[in-house]
Each structure stands twice: as C-alpha cells, then as structure tokens.
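Analysis of the macromolecular model
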Amino acid sequence: MTGAEAPSFTKILVPLDGSPVSRKAAKYAIHLARVENAKLILMHVIEDVKQGGAIGLQAKYGNVRLVEGFKKATTKAAEKWIEEIKSQADKAGVKTASEIVPDDGTSEVGMITSYAKKNDVDLIVMGKRGQSKFRQLLVGSVTNAVLNHAPCPVLVVR
C-alpha cells in the first residue's frame, strides 16, 4: 500500500454451518490468524425453529421436548465440528474462542453482524454457498447479506 498503513487484524470471526465451504473458509481464517497473530472466533447460529416446519408445529401444539431435543442435537453436532476446527487452529498456534448462539429471531445475518459490531471484529471470513442464481434471487444468501451489513471487511471463500 502506498502512503497508507497496511490493515491489521486482531479478531477474525468465522461463521460456520458445518458445510464443506464453511470448513474451507475456516482454513483460510486459520492461516490469516496465524500470519496476523489474531484471535479466531468460531461462530455457529442455531437456527430458530420455524412455526411452519414440522418441528415448529410440534412446539406450537405443546411438544416442547421435541424442540429441545432438536436444539440439543444441533448444538452437539456444531460442537463436534467446531472442536475439529479448533484442533486445526491449535496445531497452527492460533488462539480460538467459540460461540454457539441460538437465533434470537433477528436472523442469522443479524446475529453475525451484531456480534461482529459488539465484539470489535476486524474481519469476517465466511464461505459462499453453492446456490443457483435463481435461488439466490428468491431467498438471497446469508453471505451476501453479511457483505452488505457487516461493520468490517468480509472475505468470501468459494
């Protein structure tokens, strides 16, 4: 960079969903965190059980045990693959923290961007889902929305 100080990163946030592309994004983030001597924050948002879905309908009619079981199972699965990524980061000498948070109703995008803002995150590294162009037009994408609303730079990994 000419005439400007090069950016530095002290906190890197990696939103994860367990998909191959999010694991690939984690590898990039581990490398960047090692180079920058930054802390890596691995984050997963437990999706809100929608009232229209099969599990949401069960909750609506009083079967909260099924909803709690779903949340427990998804949390346990997230803990497992986050632990694998933490292990890779540890081997690279990277400090990590992990956050598994339930969606508070503001959306996954809102959870990621507000977390980044509240915690002074310097960079978000995330994977791009392989949705078709048509599907992206219909439902958008979490990555695209984070790009548009993040309080810091976002690195998108394909």
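Before reading on, note that the structure itself is shown above.
To keep things clear, this report deals only with the structure shown in the data block. (Residues numbered from 1 in each chain as written. Predicted model: local features only at pLDDT ≥ 70, side-chain atom pairs only at ≥ 80, totals over all residues. Heavy atoms only, no water.)

Comments concerning the sheet that holds strand E5 (residues 154–157)
Adjacent strands of a sheet form backbone hydrogen bonds with each other and so pair up, either parallel or antiparallel. Judged by pairing direction, the sheet is parallel, and its five strands sit side by side in the order E3-E2-E1-E4-E5 without closing on themselves. Each edge of the sheet is formed by a strand with only one pairing partner; in this case those strands are strand E3 (96–102) and E5. When the angles between neighbouring strand axes are averaged without regard to direction, this sheet yields 20°. Where strand E1 (residues 11–15) and strand E2 (residues 39–46) come together, five bridges link them in parallel fashion. Residue Val 14 lies in a different strand from E2, and its bridge partner there is Leu 42. Of the strands in this sheet, strand E4 (123–127) and E5 touch helix H6 (residues 142–149), which is tilted by about 165° from E4. (Pairing = 2+ DSSP bridges. Helix = DSSP H or I, 4+ residues; strand = E, 2+ residues; numbered from the N terminus. Axes fitted to C-alpha atoms, helices over the stretch in contact; angles between N-to-C directions. Contact = heavy atoms within 4.5 Å.)

Some words on the environment of Asp 103
Mapped onto the secondary structure, Asp 103 falls in the loop between E3 and helix H4 (108–118). Given a relative accessible area of 15%, Asp 103 falls into the buried group. Considering only alpha carbons, one finds Asp 103 and Val 45, 58 residues apart in sequence, at a separation of 5.9 Å. Those residues within four positions of Asp 103 in sequence are excluded, and the remaining contacts are Val 45, Ile 46, Glu 47, Asp 48, Glu 108 and Met 111. At 3.4 Å, the side chain of Asp 103 and the backbone nitrogen of Ser 107 are in polar contact. (Buried < 20%, exposed > 50% of the residue type's maximum accessible area, 1.4 Å probe, protein only. Polar contact = N/O pair within 3.5 Å; in protein donor to acceptor, adjacent residues only side chain to side chain.)

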